[in-house]
Amino acid sequence: MDSQTKAIESTKKYLTTTASIVASAMLARTIVNEYLPNELRIMVSGGLDKLFSRFSTEHAIVIQETEGLSSNELYDASSTYLRTRISSNMRRLRASKNEDNNSITLSLDDGEELIDAFQGVEYKWQLISQQENQGGNRGGDFSSNSEVHLFELTFHKKYKNVTLDSYLPHILEKAKQIKAADRRLKLYMNEYESWSPIDLQHPATFETLAMEADLKKTILEDLTRFVKRKEYYKKIGKAWKRGYLLFGPPGTGKSSLIAAMANYLRFDIYDLDLKEVRMNSGLKRLLIGMTNKSLLVIEDIDCSIDLKNRDEDKENQSNKFHDDEISLSGLLNFIDGLWSTSGEERIIVFTTNYKEKLDPALLRPGRMDMHIHMGYCGPNSFRVLVSNYHAIDEHPMFEEIEGLLKEVKATPAEVAEQLMRSDTVDVALEGLIQLLQRKRNESQGNNGNGEDDKDEKLTLVDKEEEGLESTVEDHETKEVIVGAVTCREDD
């Protein structure tokens, strides 16, 4: 009985001591949280964490969404991998569904934990989101809060080497396999200094593109040659990138060509809205945030923002407020300066309706290597469109339509709109003939009134482009491809 009594007394003392320690800890926690300043509270909490971590058997690895200015490949891989490890007994999940996918995708929600096992080791994952103040420019005029995401991975400390040498490489490899099996192209838009993606679902391909066959072939060969020249670019000491300028009237298929390029190369598209960018440093952050194998697109660059020229930049250098304001010099450095080497296998595309409005500095080789004029619809483009919409190669009305297309200016978008108005071929073609005849009559009326005298003042380049479906100039090789004719500029 004495031994039993002693055991009971010992247990009581242990429980009493434990309860006292817990109560003291709770009291200390209350005092720290309610009475200490924020800075001191953080120091005390950090000190306590370090103290208790010395007695803990767990190790933790934090995997942030970004590291400095660069995206973290391991975070992206972990997110992809963990979607395949979701279990039915988890209490809180995030669900999403794409229109083109019949299945619902489940992923971790903020604060939820997931248990994974690898080679007999148990791993605990948790997704954490935090608010972070990005600050502003040197004048302190702009500041914004952004949400930062990270994964916290915890495991027994004796498996640290297994985790670093085997488990994390296993996640990277598995994520690569998952993405290859279900590769979805992404369309990114910028919100200030970060990118937000959606699935790219544009159906355009080079087969359905209303463009001359020779021009299609030229562009396809150029793209194919570009992606195979990694070692060549390294040998000549240039960044592995290529620039395309698409110019011409609205409705001539510039956006469709961009989508066709992305679908052909299997590249994501980054659609950069310069109006969302306040500073040159923001451009750099966006560039670094892009992945390799991607298209950077700036549409309607002539009217995106009022870019200051380099002389104006110099005048503003003495003004701190304007030091980092977005400028032409900042954009040029973004395209082919030191910051452009932060990634590889990238294509940069500018579009404009008015090439003559662009600063020549934007157009030189090394920035915009190929200049592609997207012209009006001609007979070749018409046949592609009518094949797309009505699956026919010949029709008695074709001869009249093709003759009219040689006389009037009609964009591929206008022709496509008429072809879509009826599923009956004869009705659709008759509507197109009426449109083209109306355009011809209007054009003849304008000429009769002397309203078209300005055509006499067209430049040589304008006259070359007048009446052509499309042209392309390779400013790297000095070749000019006009329709089906190829020549050298220096010949």
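The chain appears in an unreviewed UniProt entry as AAA+ ATPase domain-containing protein from Dendrobium thyrsiflorum. The UniProt entry for the chain carries the following text under Cofactor (unreviewed entry): "Mg(2+)".

A count of helical and extended segments in the chain gives 17 helices and 18 strands. The buried share among the 491 residues of the chain stands at 37%. A separation of at least 24 residues holds for 68% of the contacts in the chain among residues at least 6 apart in sequence. Accessible area of the chain: about 28900 Å², with a carbon and sulfur share of 49%.

All right, on to the environment of Ser329 then. One can find Ser329 in helix H11 (residues 328-336). Residues Ser329 and Asn280 lie 49 residues apart in sequence; the distance between their C-alpha atoms is 8.8 Å.

This part is about the nonpolar core. Tyr244, Leu257, Met261, Leu295, Ile347 and Val349 are the most contacted members of the largest nonpolar core, which has 30 residues in total. Of all elements in the fold, only helix H5 (213-227), strand S11 (241-247), helix H7 (254-265), strand S13 (294-298), strand S14 (346-352) and strand S15 (370-374) reach the threshold of two or more residues within this core. Examining the composition of this core, we find that 7 residues originate from one element, H7, more than from any other. For Tyr244, the contacting residues outside a window of four places in its chain are Asp222, Leu223, Met261, Ile347, Ile348, Val349, Phe350, Met368, Met370 and Ile372. Residues Val277, Leu287, Leu331 and Phe350 belong to the second largest nonpolar core, which totals 28 residues.

Moving on, we get to the pairing of S13. The two faces of the sheet receive side chains in turn, since in a regular strand these alternate between them. The buried fraction of S13 amounts to 5 of the 5 residues, a majority that puts the element mostly inside the structure. Taking every second residue as pointing to the same face, both faces of S13 are buried, with Ser294, Leu296 and Ile298 on one and Leu295 and Val297 on the other. Judged from the 4 bridges that link them, strand S12 (residues 268-271) and S13 form a sheet pairing that is parallel. The residue bridging Asp271 from the neighbouring strand is Val297, located in S13. Once the chain exits S12 it traverses helix H8 (residues 280-288) before rejoining the sheet at S13, and the crossover so formed is right-handed. Bridge count between S13 and S14: 5 bridges; the pairing is parallel. Bridged to Ile298 within S14 is Phe350.

Relative to S12, strand S9 (residues 186-191) runs parallel, the two sharing 3 bridges. For Met189, the partnering residue across the bridge sits in S12 and is Asp271.

The subject of this paragraph is unusual backbone geometry. Despite not being glycine, Tyr192 shows a phi value in the positive range, around 60°. Tracing the sequence through the fold places Tyr192 in the loop between S9 and strand S10 (194-199). Assessed through its relative accessible area of 45%, Tyr192 is described here as partly exposed. Residue Lys293 is not a glycine yet carries a positive backbone phi of 55°.

To continue, consider a negative patch on the surface. Together, Glu399, Glu400, Asp426 and Glu430 line one region of the surface with negative charge. Those elements giving two or more residues to the negative patch turn out to be helix H14 (398-405) and helix H16 (425-448). Tracing the backbone shows Glu430 in helix H16.

With that settled, consider the packing of aromatic side chains. This structure, assessed with the given rule, holds 13 aromatic pairs. Aromatic pair Tyr123 and Phe155: ring centres 5.7 Å apart, planes at 55°, arrangement tilted. Here Phe155 lies in strand S8 (residues 145-156) and Tyr123 lies in strand S7 (residues 121-133), a separation of 32 residues in the sequence. The burial state of Tyr123 is the same as that of Phe155; both residues are buried. Aromatic pair Trp195 and Tyr270: ring centres 4.9 Å apart, planes at 80°, arrangement edge-to-face. Here the residue Trp195 occupies a position in strand S10, and Tyr270 occupies one in strand S12, the gap between them amounting to 75 residues. Of the two residues, Trp195 and Tyr270, both sit in the buried class. Counting every residue linked through ring pairs, the aromatic cluster contains Tyr75, Phe118, Tyr123, Trp125, Phe151, Phe155 and Tyr167. The ring of Tyr232 has Arg229 sitting right over it, with the charged end atom 3.9 Å from the ring centre. The side chain of Lys357 reaches across the aromatic face of Tyr354, ending 4.4 Å from its centre.

Conventions we followed
Residues numbered from 1 in each chain as written. Predicted model: local features only at pLDDT ≥ 70, side-chain atom pairs only at ≥ 80, totals over all residues. Heavy atoms only, no water. UniProt positions renumbered as here; feature names shortened; annotations may be inferred. Helix = DSSP H or I, 4+ residues; strand = E, 2+ residues; numbered from the N terminus. Buried < 20%, exposed > 50% of the residue type's maximum accessible area, 1.4 Å probe, protein only. Contact = heavy atoms within 4.5 Å. Areas by Shrake-Rupley, 256 points an atom, 1.4 Å probe, with all protein chains shown as cover. Core = buried A, V, L, I, M, F, W, Y, C linked by side-chain atoms within 4.5 Å. Pairing = 2+ DSSP bridges. Right-handed = clockwise from strand over helix to strand, strands pointing away. Patch = residues over 30% accessible without salt bridge, like charges linked within 9 Å, V, L, I, M, F, W, Y side chains within 5 Å. Salt bridge = Lys/Arg side-chain N within 4 Å of Asp/Glu carboxyl O. Lys, Arg positive; Asp, Glu negative; His and termini not counted. Charge placed at Lys NZ, Arg CZ, Asp CG, Glu CD. Phe/Tyr/Trp six-rings, centres within 6.5 Å; stacked < 30°, edge-to-face > 60°. Lys NZ or Arg CZ within 6 Å of the ring centre and 35° of its normal.

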